[in-house]
Amino acid sequence: MGIMSGSLAYECDTCGTFKIYSAENSPEINCASCDKKLGTVSENWSLENSCPFCNCKSYYKRKDFNQILGAGIIILGGILSIIYNYFILMGFALLDVLLYYIVPDVAVCYQCSAELRGFHGMEKLEVFDHHTAELYQYTQNEEA
């Protein structure tokens, strides 16, 4: 059960650089800009383990789709339906369904928002839960 060509996306706490790191290259993950050690990924790491960046064990899954592009598609569909007719909305609804089934999932850490792709255990994750996110936000505010 080794790594499935997984990748990890994370924003460095020190310099603010966001980068996608491959888990195949090296078990140790260092920031590409400031060389700060961000975390370590063992050879058989999966989503059942704690986050390599913050040691949190809670993840959720969402679609790995650019949210700004998604909002743009919705706005374009709304504008076109006003200009032409409301049947255009059916086409955009069909596009939405197709994208839902085509676009893969990404795991996101509740605590540090690291994005984890291509690792075992994705199918066991639940979708985003506001209550869980608020609990992590509350504990971060308490520590600050």
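Residues numbered from 1 in each chain as written. Predicted model: local features only at pLDDT ≥ 70, side-chain atom pairs only at ≥ 80, totals over all residues. Heavy atoms only, no water.

The backbone of aspartate 35 sits at a positive phi, close to 65°, despite the residue not being glycine. Note that aspartate 35 resides in the loop between strand E3 (28-30) and strand E4 (37-40). Although it is not a glycine, serine 113 sits at a positive phi angle of roughly 65°. Along the chain, serine 113 falls in the loop between strand E6 (105-109) and strand E7 (115-117). (Helix = DSSP H or I, 4+ residues; strand = E, 2+ residues; numbered from the N terminus.)

A separate point is the sheet that holds E6. The sheet built from 5 strands is open, its strands ordered E2-E1-E7-E6-E5 with antiparallel pairing. At either margin of the open sheet sits one strand with a lone partner, and together these are strand E2 (18-22) and strand E5 (59-63). For this sheet, the mean inter-axis angle between neighbouring strands, taken without regard to orientation, is 25°. Relative to E2, strand E1 (residues 7-11) runs antiparallel, the two being bridged by 5 bridges. Paired with alanine 9 across the bridge in E2 is isoleucine 20. (Pairing = 2+ DSSP bridges. Axes fitted to C-alpha atoms, helices over the stretch in contact; angles between N-to-C directions.)

Let us now look at the packing of aromatic side chains. Taken as a whole and judged by the stated rule, the model has 8 aromatic pairs. Within the aromatic cluster, the residues linked to one another by ring pairs are Tyr60, Tyr110, Phe128 and Tyr136. The ring of tyrosine 21 carries lysine 19 above its face, with NZ or CZ at 5.8 Å from the centroid. The residue whose ring lies beneath lysine 63 is tyrosine 100, and the NZ or CZ to ring-centre distance is 4.5 Å. (Phe/Tyr/Trp six-rings, centres within 6.5 Å; stacked < 30°, edge-to-face > 60°. Lys NZ or Arg CZ within 6 Å of the ring centre and 35° of its normal.)

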